[in-house]
Amino acid sequence: MNEVFWGLWLFPFGLLVFRSGFLPRFLGLWLMLGCFAYLVLSLIALLFPPYYDAAFRMAQPVLFGELAILLWLLIKGAKVPETPAFQPVAANLISR
């Protein structure tokens, strides 16, 4: 049952990553696929336990999305857009 909740949080997280623009969109898609992989694996574990190991081996590349985003954030970080420097209103009035 733990895998159900472990997988469910990946969908909103992947959707936020996909829409944010701070991180590559493929990471968001990978995380959303990981959500469905965890749900399928948990169903297989509950309904067909003998096939769980084979299903886990097949779903493992999809589950590496969590590791991929961890490494991306550690190595490259988020791409934050440049904003203009803050200028107080008084400075604008003086320069005129």
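Being a predicted model, the structure only gives us computed values, none of them experimental.

1. A word on a nonpolar patch on the surface
Judged by side-chain polarity, M1, F5, L8, L43, L46, L47, F48 and Y51 come together as a nonpolar surface patch covering roughly 930 Å² of accessible area. Every element with two or more residues in the nonpolar patch is listed here: α1 (2–8) and α3 (25–47). The element that contributes the greatest number of residues to the nonpolar patch is α3, accounting for 3 residues. Position of Y51 relative to the elements: it lies in the loop between α3 and α4 (52–63).

2. Considering the packing of α3 against helix α5 (residues 65–75)
Put simply, α3 and α5 touch, their axes get as near as 8 Å, and they point 150° apart. By the angle between their axes, α3 is roughly antiparallel relative to α5. Classified by chirality, the crossing of α5 by α3 is left-handed. For the pair α3 and α5, contact is made by F26, L27, W30, L31 and Y38 and by G65, E66, A68, I69 and W72, respectively.

3. A closer look at α5
For an α-helix the count is 3.6 residues per turn, leaving residues at separations of three or four pointing the same way. Inspection of α5 places G65, E66, A68 and I69 among the buried residues, and these make up the whole buried set. Within α5, the buried residues cover an arc of 160° as seen down the axis, which keeps them to one side. In α5, the exposed positions angled more than 90 degrees off the buried face are occupied by L74 and I75. Positive phi appears at G77, one or two residues downstream of α5, with a value of about 80°.

4. Considering the packing of aromatic side chains
All told, the structure shown has 5 aromatic pairs when counted by the stated rule. With centroids separated by 5.9 Å and ring planes inclined at 65°, the aromatic side chains of F11 and F36 adopt a geometry described as edge-to-face. Of the two residues, F11 is situated in helix α2 (residues 10–20) and F36 in helix α3; the sequence distance between them amounts to 25 residues. Classification of F11 as partly exposed rests on a relative accessible area of 32%.

5. Notes on the side chain of S42
Tracing the sequence through the fold places S42 in helix α3. A distance of 2.8 Å separates the side chain of S42 from the backbone oxygen of L39, its partner in a polar contact. Not counting residues up to four positions away in its chain, the partners in contact with S42 are E3 and V4.

Quick notes on the rules
Residues numbered from 1 in each chain as written. Predicted model: local features only at pLDDT ≥ 70, side-chain atom pairs only at ≥ 80, totals over all residues. Heavy atoms only, no water. Patch = residues over 30% accessible without salt bridge, like charges linked within 9 Å, V, L, I, M, F, W, Y side chains within 5 Å. Areas by Shrake-Rupley, 256 points an atom, 1.4 Å probe, with all protein chains shown as cover. Salt bridge = Lys/Arg side-chain N within 4 Å of Asp/Glu carboxyl O. Helix = DSSP H or I, 4+ residues; strand = E, 2+ residues; numbered from the N terminus. Axes fitted to C-alpha atoms, helices over the stretch in contact; angles between N-to-C directions. Parallel < 35°, antiparallel > 145°, perpendicular 65-115°, else oblique. Left-handed = near helix turned anticlockwise from the far one by under 90°. Contact = heavy atoms within 4.5 Å. Buried < 20%, exposed > 50% of the residue type's maximum accessible area, 1.4 Å probe, protein only. Arc of directions from axis to C-beta. Phe/Tyr/Trp six-rings, centres within 6.5 Å; stacked < 30°, edge-to-face > 60°. Polar contact = N/O pair within 3.5 Å; in protein donor to acceptor, adjacent residues only side chain to side chain.

The analysis is restricted to geometry; functional conclusions fall outside its scope.
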